[in-house]
Amino acid sequence: MSISLMPYLAVVLAAANPQKVPEQPTFEHDVRPIFKAFCFDCHGEAKTPKGGLDLRLRRLAAQGGESGPAFIVGKPADSELIIRVRSGEMPPGDKKLTEEQIQVLERWIATGAKTVRPEPATLSAGMLISDDDRQWWSFQPITKRTPPPARPTDRARTPIDNWLLRDLTAKGMTFNPDADRRTLIRRVTFDLTGLPPTPAEVQAFLDDSSPNAYEKLVDRLLASPHYGERWGRHWLDVAGYADSEGFNEADPVRPTAWKYRDYVIRSINADKPFDAFVREQLAGDEMVRPPYAELPPAELDKLIATGFLRMAADGSGNAGADQKEARNAVVGDTVRIMSSSLLAMTIGCAECHNHRYDPIPQTDFFQMRAIIEPAYSPIAWVPPAARRVSLYTAKDKAEAAKLEAEAKVIDAERLKKQQEYINATLEKEFAKLPDAIREAARKAKATPVAKQTAEQKKLLQQHPSLNVSAGSLYLYDSKAANHLKKLTADASAIRAKKPVEEYIRALTEPAGKLPETRLFHRGDPDQPKEVVPPGALTVFEDILPFQIEKPAGLTSSGRRLAFANWVTHPKNPLFARVIVNRIWLNHFGRGIAGSPGDFGRLGEKPTHPELLDWLAADFRDSGYSLKKLHRLILTSTVYRQSSAFNPADTENRLYGRFPVLRLDAEAIRDGFLAVSGVLNPAQFGPPVPVMSDDVGQVVLGMANRDGAGYKRGDESLAADQHHRRSIYIQLRRTERLATLDSFDWATTEPNCEARIRTTVAPQSLFLMNNEFVTQSATAFAQRLHKEAGDDRDQQITRAWKLAYNQVPASADLQRAKTFLAEQESYFRDLKPKAPTGPNSAAPVKGKPKPKPDPKAKAETTPADQALAAFCQALLMSNRFLYID
């Protein structure tokens, strides 16, 4: 998991440890959650409750077990329940109730052991999902209420503002004033594209006096191809995208995973309806029909989309991996990715037992396993390399066969000539032998090796010149060998014209009997129990039952297609909330619900639940358009306001200011490249490879080393490959590019629910010393020379516009000039001086001066070094690294 552990633990403790004992505790609201967390596993949800005690209902607890009633109404001190927990005897193990939790139980018993409502007369075995469970906020139907009214002075631009203003005005607050235009264009450009605006773009926005200038800016950015790269990366986080298999140190590369990455970028840029986007990723193969290689691009994209289900670490093809463990991990982690990314439910916590806090029985986890096990069949497992889908069309095969036939004609000609040359060479060698042995030697050479007599073998050994073969022909007749080489080259040239066979990393279901999914006792695959049918969340059975309705002609199980339709069904209370919350998180740095991967009891409740519901309903009703949702958020006053600090709301829970946010890892690296003027905007294709250098730091390069780690040859890449956007950098699980990893790059364990933002000393050291940073600063300085000449005032002003999208104030200008002067003096003092004095070399009289080498690099002057140091200072400053 990628969310910070301390806030998460705080939420867990808050949920399990009530800080205030209620005056009138009830079983449903106060006692049952404690029993569920500590007791139900033995006393209620097991097939046979231990000691005969079932605590799932108040009346069952009163009925008691082998030791009698669990409690005596009005007498907590005499109640067996309190005696056992006070003594520490119960619950067994290290996990004990807190003092506050014990006091809740005592007060509940003392005040009458009350319930909120009558309890059911009968109760089936296993996990009880109560009415209170079903009333949890994220399980409620999504409703679109009318936004509250706002005063004209409150600057409400969208319904989002109306919802937020209600809470702000109740606290005597309102929004901050709007941010200035330079701040706003920098904010929204980085937000939507992950790149800084150019000075020309900033000036155009400043010069646009139309009332909808900002709205036009938003539309231009949403239409940029860089938008899909930026927001596609956000989804790849959630999907757990990686370019390698992981699981153990072998970590083999996934050579075609990038096609799923490109599919995501294309889909986001095209504003594909998000429900369709998700359905394709869950069941794209069940939406198309083979042969897959013949599919048109739009249909092929649906197959590529299933790469989403191939993102979990897969060690089933790794050397030395425990196969049962590796295969079980693939299926389990895929369920975790699906549930956290699409439903924000921690279904993975129910792999070994019923969920401790949420109404998720263990069967729910295995029901979701049953959805994907026809593709990840435990009885007919397919390793990663064998799962690849060929895109070789019938036309490709015909063209390849035609070219192969042409090449074989040349091969035949070469073999014929080769034998002629060998025979001619042998005749020359036979002629050199004495007459007495010539015919015997000829006969020995013509006899197959297996049938040669001892005398024949000895004769041939005595005359090694007769060992003429295709491999040794060049030693006898170099001219003949060079014709033969030409024919080999001609055949190879023809074969090189064959269409290249492309593959995609997809998930498909092999033909054959559907596997049975069994529940594993304690999650142990060596302890399979009862068969579990495919299904989704049991808590939604009443409002949205899981049903499989196979379309006509579908030869696969149809399970994933049914699940895709269930997830994206308008009645699903989770899907739209989850996606809208993630979009909000990536705009404001925090979701309306603070735990984007957990909408259960251990997650944070939404700060503005009615706003979240309104946005989810609008997203659903408008056809799941991300770009429409972006426009709605970005044109609101809450987004356009300044980030000036407001002491009345230090944590900004009410959104009375825009949050100051540090750029994420990709935006920092890409921003360096853009400001330096070297960014390569090329899109799509195989990732830029990474490797570990001689000191173990992961850098860009094509590893070329032997088994001992010694370099065997060139490892460099073309210069433009070093300057590609970060989304196109290979993401290896065991070799993570240092430039990105230093600034909290996405984790892949198994996916990244939310990026963390750390501020640690190694980041400063990295910015001071890393080669990529210093190279970027040098390129930045060279750009300033080119665009601003040698005038320091012009260089500083241009640098300010490029790095900060601002014009330097007079004080900034003066400080920068002072810094440059001091740095230039420093570097001048460091430069070695020419020797002087009687022992220094004097010029030779009459000897001409050497001509300068036009290919030699110009000498770096102290002024150049000072400018590069200045540029590095700008790049590593908070003013560049943070968005306000």
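None of these values were measured; they are calculated from a predicted model. (Residues numbered from 1 in each chain as written. Predicted model: local features only at pLDDT ≥ 70, side-chain atom pairs only at ≥ 80, totals over all residues. Heavy atoms only, no water.)

1. A look at the overall build of the chain
Broken down by element type, the chain carries 36 helices and eight strands. Relative to its 884 residues, the chain shows a buried fraction of 51%. A separation of at least 24 residues holds for 70% of the contacts in the chain among residues at least 6 apart in sequence. Accessible area of the chain: about 41400 Å², with a carbon and sulfur share of 55%. Computed over 120 positive and 111 negative side-chain charges, the inter-centroid distance for the chain is 4 Å. (Helix = DSSP H or I, 4+ residues; strand = E, 2+ residues; numbered from the N terminus. Buried < 20%, exposed > 50% of the residue type's maximum accessible area, 1.4 Å probe, protein only. Contact = heavy atoms within 4.5 Å. Areas by Shrake-Rupley, 256 points an atom, 1.4 Å probe, with all protein chains shown as cover. Lys, Arg positive; Asp, Glu negative; His and termini not counted. Charge placed at Lys NZ, Arg CZ, Asp CG, Glu CD.)

2. Thoughts on the packing of aromatic side chains
In this structure the tally under the stated criterion is 31 aromatic pairs. Counting every residue linked through ring pairs, the aromatic cluster contains Trp235, Tyr260, Tyr263, Phe274, Phe277, Phe308, Phe575, Phe619 and Tyr624. Over the ring of Tyr639 we find Arg187, and its NZ or CZ is 5.8 Å from the ring centre. (Phe/Tyr/Trp six-rings, centres within 6.5 Å; stacked < 30°, edge-to-face > 60°. Lys NZ or Arg CZ within 6 Å of the ring centre and 35° of its normal.)

3. Let's talk about helix 10 (residues 213-222)
Those residues of helix 10 that fall on the buried side of the exposure criterion are Ala213, Tyr214, Leu217, Val218, Leu221 and Leu222. Each element contacted by the buried residues of helix 10 is listed here: helix 8 (181-193), helix 9 (199-207), helix 11 (225-239), helix 26 (626-634) and helix 27 (637-640).

4. A short note on the packing of helix 11 against helix 24 (residues 575-588)
Packing of helix 11 against helix 24 brings their axes to within 12 Å, and their N-to-C directions diverge by 120 degrees. Judged by the inter-axis angle, helix 11 sits oblique to helix 24. Here the hand of the crossing between helix 11 and helix 24 comes out right-handed. Residues Trp231, His234, Trp235 and Val238 of helix 11 lie in contact with helix 24, whose contacting residues are Ile579, Arg582, Ile583, Asn586 and His587. Here the contact of helix 11 with helix 24 is built from residues that sort into five nonpolar, three polar and one charged. (Axes fitted to C-alpha atoms, helices over the stretch in contact; angles between N-to-C directions. Parallel < 35°, antiparallel > 145°, perpendicular 65-115°, else oblique. Left-handed = near helix turned anticlockwise from the far one by under 90°. Nonpolar A, V, L, I, M, F, W, Y, C, P; charged D, E, K, R; others polar.)

5. What about a nonpolar patch on the surface?
Taken together, the side chains of Tyr474, Leu475 and Tyr476 present a nonpolar region at the surface, about 330 Å² in accessible area. The residue Leu475 is located in helix 21 (residues 473-476) in this model. (Patch = residues over 30% accessible without salt bridge, like charges linked within 9 Å, V, L, I, M, F, W, Y side chains within 5 Å. Salt bridge = Lys/Arg side-chain N within 4 Å of Asp/Glu carboxyl O.)

6. Points about the pattern of salt bridges
Note on pairing: side chains with opposite charge can pair once their charged atoms come close. One pass over the structure, following the stated rule, counts 71 salt bridges. In this structure, Asp237 and Arg755 form a salt bridge, with 2.6 Å as the shortest nitrogen-oxygen distance. On the criterion of sequence distance, the pair formed by Asp237 in helix 11 and Arg755 in the loop between helix 30 (738-741) and helix 31 (761-769) is long-range, its members being 518 residues apart. For Asp237, a relative accessible area of 6% puts it in the buried group. With a shortest N-O distance of 2.8 Å, Arg736 and Asp741 are connected by a salt bridge. Exposure remark for Arg736: the relative accessible area of 17% places this residue in the buried category. Here the residues in one salt-bridge network are Glu229, Arg669, Asp670 and Arg725, joined through shared partners.

7. Some words on the packing of helix 32 (residues 771-788) against helix 33 (residues 792-804)
Contact geometry of helix 32 with helix 33 gives a least axis separation of 9 Å together with a crossing angle of 120 degrees. By the criterion of interaxial angle, the relationship of helix 32 to helix 33 is oblique. Helix 33 is crossed by helix 32, and the crossing has right-handed handedness. Of the residues in helix 33, those in contact with Phe780, Arg783, Leu784, His785, Glu787 and Ala788 of helix 32 are Gln794, Gln795, Arg798, Ala799, Leu802 and Ala803. Residue composition of the contact of helix 32 with helix 33, by class: six nonpolar, three polar and three charged.

8. What about the nonpolar core?
If you look at the biggest cluster of nonpolar residues, it comprises 127 residues, and the most contacted ones within it are Trp235 and Trp584. What Trp235 contacts, discounting residues up to four positions off in sequence, is Tyr260, Val264, Phe274, Phe277, Gln281, Phe308, Leu342 and Ile579. With 47 residues, the next largest nonpolar core counts Phe672, Ala799, Leu820 and Ile883 among its residues. (Core = buried A, V, L, I, M, F, W, Y, C linked by side-chain atoms within 4.5 Å.)

9. Description of empty space enclosed by the protein
Enumeration according to the criterion identifies two cavities of 30 Å³ or more in this entry. The computed volume of the largest cavity comes to approximately 150 Å³. The wall of the largest cavity is formed by 14 residues, among which Asp191, Arg230, Asn586, Leu661 and Ile883 lie closest to the centre. Looking at the lining of the largest cavity, the elements with two or more residues in it are helix 8, helix 24 and strand 5 (661-662). Looking at the lining of the largest cavity element by element, the count peaks at three residues for helix 8. Looking at side-chain class alone, the lining of the largest cavity contains six nonpolar, two polar and six charged residues. Empty space within the second largest cavity amounts to approximately 70 Å³. Every residue lining the second largest cavity is listed: Glu229, Arg230, Arg233, Glu666, Asp670, Arg725 and Ile727. Among the elements that make up the lining of the second largest cavity, the one with the highest residue count is helix 11 (three residues). (1 Å grid on protein atoms, 1.4 Å probe; cavity = no way out; pocket = protein on both sides within 12 Å on 5 of 7 lines; lining within 4 Å. Points joined across faces, edges and corners; volume = space filled by probe spheres on them.)

10. Thoughts on unusual backbone geometry
The omega angle of the peptide bond from Met90 to Pro91 is -5 degrees, so this bond is cis rather than trans. Counting through the fold element by element, Pro91 comes out in the loop between helix 4 (80-87) and helix 5 (99-110). In this model, Glu749 is joined to Pro750 through a cis peptide bond whose omega is -10 degrees. Assignment of secondary structure puts Pro750 in the loop between helix 30 and helix 31. Look at Asp251: it is not a glycine, yet its phi comes out positive at around 40 degrees. One non-glycine residue with positive phi stands out, namely Asp744, at about 65 degrees.

11. Structural notes on the environment of Gly671
With respect to the secondary-structure elements, Gly671 resides in helix 28 (residues 665-676). With 161 residues separating them in the primary sequence, Gly671 and Pro510 have C-alpha atoms 45 Å apart. Filtering out sequence-adjacent residues up to four positions away, Gly671 remains in contact with Pro196, Glu666 and Phe880.

12. What to know about the confidence of the model for the chain
Regions with low pLDDT carry predicted coordinates that are not meant to be interpreted in detail. When pLDDT is averaged along the chain, the result is 93; 95% of the residues meet or exceed 70. Taken together, the stretch residues 1-18 has pLDDT below 50 and engages in 27 contacts with residues farther than four places along the chain or on a different chain. (pLDDT = per-residue confidence, 0-100.)

13. Let's talk about the side chain of Asn581
Position of Asn581 among the secondary structure elements: in helix 24. A distance of 2.9 Å separates a polar side-chain atom of Asn581 from the backbone nitrogen of Ile592. Ignoring sequence-local partners within four residues, the contact set of Asn581 consists of Gly591, Ile592, Ala593, Pro596, Phe599 and Leu612. (Polar contact = N/O pair within 3.5 Å; in protein donor to acceptor, adjacent residues only side chain to side chain.)

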